[in-house]
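Residues per chain are reported as follows:
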Amino acid sequence: MTFSAVIVAAGASLRAGPGEPKPWRDLGGRPVLAWSARALSAAGARRLAVVTTADRMEAARTLLAGLPGLVVVEGGALRSLSVRAGLAALDGAPEEPVLIHDAARPFLESAVIARVLAALKGADGAIAALPVPDSLKRGDGQIIGSVDREGLWRAQTPQAFPRGALLAAFQAWSGPEPTDEAAVMEAAGARIALVPGDPRLFKLTWPEDFAMAESLARPAREVRMGQGIDAHRWGPGDGVWLCGVRIPHDGALIGHSDADAGLHALTDALLGAMGEGDIGQHFPPSDLRWKGEPSATFLAHAGALLAARGGRILSLDLTLVCERPKVAPYREAMRQAVAGILGIDVSRVSIKATTTEGMGYTGRQEGLLAQAVAAVELPAA
Ligand code: MG
C-alpha cells in the first residue's frame, strides 16, 4: 500500500524553554525533525510534506535534501492550519492513506508505521496510542477527585486517514482548535482504530524531555575482541621484564625493546580489537627511537588510541607460557602494573601462566610465549 505523510514542525515550542524551536534542536547530532522524516521516508512514504515556519523552509530543504517526494510547506498559526497546508501540498488518489506526525516525536519505529497502516484496512482511520497505566487524578495542587483510567488511552502520532476523508472532515469542522486529527475525524463519524504505539514516541514538550531523548539517541555501543601473540628468545642475562615487572632470573629475553612479551601481546590484542594493525606497524623495529624502550610506552599508546575512539577496555586475559621463571609470585604486581599503564581497574586484568611440560621451544627453554585476548567496548560503527 502506498502512503504519504505530513510532518508538523511549525509550532512555537513555548513549553520547551529557551533555545531553538523543538524541531531544530540537536538530538544525537542531528535536528529533531530529521529523525522522523528519515523514518517515514525509510518506511516508503511516496510523498513527504514537511510543514514549518517561513523562516525555516530553506533550512528544512537543506536538512532533508535527497528524501524522495519531499515538499516543504509553510505552516499556519494553528496546528490544524499547518496540517491542512500539508494535506493541500500532497497529490495522488483521495483514498491514499496519509500519516500525520508530530516532528516533536522523533523516535518513530517502522513497526509503528506498519501497524497504523495495516489497521486502516478495517477502519476509517488508525492512530498510535498507549493505554494509561497510572492512576488519574483531577486537581489543582491538591486532589479534587479521581478519574477512572479504565478504557483511557494516550493518543500519539502517527495518525493515519485516507487523505480525501481527512480533508473533508477538516472542511466540515466547526469546533475549537482540535488537539489532533482523530478528533476532527471522530466528529465526522469515522471509526478510528487504536493501534499499539511506542513509549519512545513520547512528545518532546518540557525541557527535561530533551535529556531523556538524548539518552535514547546516544549511539549504541558494541563489544569487540582482539588477540595478541608474542614470543622472545632466551639469552644470557640476570633478569627479565614481564608485564611491566622486573623479575630476577638467570637469563634475559632478547629483543629490540625491553622484550616484554607480555606487554607486547596485550598491545597487539588491543590493536586487534580496534582493527588498528599490529605493534610492528606502530613502532617499527627499524626505528632506532624504540631501541630499549620500556614496553609500557607501546601498551599506553594502544590504550590512548582506544580512548580517542571513545572506547573502553572490558577485560584483558594474558597467558605466559614458560618453564621458568615462576610467574605466580609476581602475578599481582603484574596485574597492578598493567592496570596502572592503562588506567583501568585491576579486576579487568587477568594474568595466567602455564608450562608445556618440557615440550616445544618453550619447554626446551629456547623462548617464552605470551598470548592475550582483549575485549573492548566501542561506539557502534
Ligand atoms: Mg615482542
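In this report, we go over the structure that sits alongside the text. This structure is a prediction, so every number in the text was calculated from the model and none was measured.

**A few points about the overall build of the protein**
At step 1: Counting secondary structure elements, the protein contains 12 helices and 18 strands.
At step 2: A compact globule built from 381 residues should have a C-alpha radius of gyration of about 21 Å, whereas the protein, at 32 Å, is more than 25% larger.
At step 3: When its C-alpha atoms are laid out on the principal axes, the protein stretches across 100 × 50 × 40 Å.
At step 4: For the protein, the residues scored as buried account for 45% of the 381 residues in total.
At step 5: Partitioning the contacts of the protein with sequence separation of at least 6, the portion at a separation of at least 24 is 70%.
At step 6: Carbon and sulfur atoms form 54% of the exposed surface of the protein, whose accessible area is close to 18200 Å².
At step 7: Averaged over its 38 positive side-chain charges, the protein has a centre that lies 2 Å from the centre of its 41 negative ones.

**Details of the sheet that holds strand β4 (residues 47–52)**
At step 1: Pairing in this open sheet of seven strands is mixed, and the strands run β5-β4-β1-β6-β10-β7-β11 from one edge to the other. The strands lining the two open edges of the sheet, one partner per strand, are β5 (70–74) and β11 (192–196). Put simply, the sheet's adjacent strands are angled 25 degrees from each other on average, direction ignored.
At step 2: Pairing analysis gives six bridges linking strand β1 (residues 4–9) to β4, with the strands arranged parallel. Residue alanine 9 lies in a different strand from β4, and its bridge partner there is threonine 52.
At step 3: Packing against the sheet, helix α1 (residues 32–42) makes contact with β1, β4 and β6 (97–102), and its axis sits at approximately 175 degrees to β1.
At step 4: Across the sheet, helix α5 (residues 163–172) touches β6 and β10 (153–162), and the angle it forms with β10 is around 110 degrees.

**Some remarks on the coordination of the magnesium ion**
Tetrahedral coordination by four donors sets the ideal angle at the metal to 109.5 degrees; octahedral coordination by six donors sets it to 90 or 180 degrees.
At step 1: The magnesium ion binds to the protein through Asp230 (OD), His232 (NE2) and His264 (ND1), with metal-donor distances spanning 2.1 to 2.2 Å.
At step 2: Read in sequence order, the donor residues for the magnesium ion give the motif D-x1-H-x31-H. Taken as a pair, aspartate 230 in strand β12 (residues 221–235) and histidine 264 in helix α8 (residues 261–274) lie far apart in primary sequence, 34 residues in all.

**Focus: helix α7 (residues 207–217)**
At step 1: Turning to α7, its buried residues number three or more, namely Asp209, Phe210, Ala213 and Ala217. Projected onto a plane normal to the axis of α7, the buried residues spread over an arc of 100 degrees and lie on a single side. Among the exposed residues of α7, those pointing more than 90 degrees away from its buried face are Glu208 and Ala211.
At step 2: Where α7 is buried, its residues touch β2 (26–27) and α1.

**Thoughts on the pairing of strand β13 (residues 239–242)**
At step 1: As paired elements, β13 and strand β14 (residues 245–248) share four bridges and run antiparallel to each other. Within β14, the residue paired with glycine 239 across the bridge is proline 248.
At step 2: Between β13 and β14, which pair antiparallel one after the other, the connecting turn spans two residues, and cysteine 243 there sits at a positive phi close to 55 degrees.

**Let's talk about the environment of aspartate 287**
At step 1: Here aspartate 287 is to be found in the loop between α9 (279–282) and α10 (296–308).
At step 2: Through-space distance from the C-alpha of aspartate 287 to that of histidine 256 is 9.9 Å; in sequence the pair is 31 residues apart.
At step 3: Engagement of the side chain of aspartate 287 in a polar contact is seen with the side chain of arginine 289, the distance being 2.7 Å.

**Things to note about the sheet that holds β12**
At step 1: The sheet built from five strands is open, its strands ordered β15-β12-β18-β16-β17 with mixed pairing. Unpaired on one side and paired on the other, β15 (252–254) and β17 (349–354) mark the two borders of the sheet. Averaged over all pairs of adjacent strands, the angle between their axes in this sheet comes to 30 degrees, without regard to strand direction.
At step 2: Taken together, the three bridges between β12 and β15 define a ladder with antiparallel strand orientation. Following the sheet pairing, tryptophan 234 is matched in β15 by leucine 253.
At step 3: Strands β12, β16 (312–321) and β18 (367–379) of the sheet are contacted by α8, whose axis makes an angle of about 150 degrees with β12.
At step 4: In this fold helix α11 (residues 331–342) packs onto β16 and β17, with an angle of close to 140 degrees to the strand it touches most, β17.

**Observations regarding the nonpolar core**
At step 1: In this structure, Leu270, Leu316, Leu318, Leu320, Met334 and Val338 are the most contacted members of the largest nonpolar core, which totals 40 residues.
At step 2: Counting residues per element, the ones that place at least two in this core are β13, β14, α8, α10, β16, α11, β17 and β18.
At step 3: When residues of this core are assigned to their parent elements, the largest contribution, nine residues, is made by α8.
At step 4: Discounting chain neighbours no more than four positions away, the residues touching valine 338 are Cys243, Leu263, Leu266, Leu299, Leu316, Val349 and Ile351.
At step 5: Phe3, Leu33, Ala37 and Met57 belong to the second-largest nonpolar core, a separate cluster that totals 31 residues.

**Focus: α1**
At step 1: In terms of burial, α1 is a largely internal element, nine of the 11 residues being buried.
At step 2: If you check which residues of α1 are buried, you get Val32, Leu33, Ala34, Trp35, Ser36, Ala37, Ala39, Leu40 and Ser41.
At step 3: Directly after α1, the chain includes glycine 44, whose backbone phi takes a positive value near 110 degrees.

Criteria and thresholds
- Throughout, a residue's number is its position along its own chain's written sequence, starting from 1.
- Under the rules for a predicted model, residues below a pLDDT of 70 receive no local features and side-chain atom pairs below 80 are neither given nor counted, while totals for whole chains, interfaces and linings still include all residues.
- As a convention, hydrogens and water are excluded, and side-chain values are obtained from all of the structure's heavy atoms.
- Each helix is a run of H or I in the DSSP string that is no shorter than four residues. Each strand is a run of E no shorter than two, and both are numbered from the N terminus.
- In this setup the radius of gyration rests on C-alpha atoms only. A globule is expected at 2.2 Å times the number of residues raised to 0.38.
- For every residue, the accessible area (1.4 Å probe, protein chains only) is compared with the maximum for its type, and the residue is labelled buried under 20%, exposed over 50%, or partly exposed between those bounds.
- Contacts between residues were defined by any pair of non-hydrogen atoms, one from each residue, lying within 4.5 Å.
- Only the protein chains shown count as covering a residue, and every accessible area follows the Shrake-Rupley method with a 1.4 Å probe.
- Positive charges come from Lys and Arg alone, negative charges from Asp and Glu alone, with His and the N- and C-terminal ends not counted.
- Charge positions come from single atoms, namely NZ of Lys, CZ of Arg, CG of Asp or CD of Glu.
- For two strands to be treated as a pair, DSSP must find at least two bridges joining them.
- Only the contacting stretch of a helix is used when fitting its axis, a line to C-alpha atoms as for every element, and angles between N-to-C directions run 0 to 180 degrees.
- In this analysis a donor is any N, O or S atom within 2.8 Å of a metal ion (3.2 Å for sodium, potassium and calcium), and since water is not included, sites may seem incomplete.
- Regarding the arc, it is the one traced by the directions from the helix axis to the C-beta atoms.
- Think of a polar contact as two N or O atoms within 3.5 Å of one another; within protein, one of them needs to be a possible hydrogen donor and the other a possible acceptor, and neighboring residues in sequence only count if both atoms come from side chains.
- The criterion is simple. A nonpolar core is a set of buried Ala, Val, Leu, Ile, Met, Phe, Trp, Tyr and Cys residues joined through side-chain atoms within 4.5 Å.

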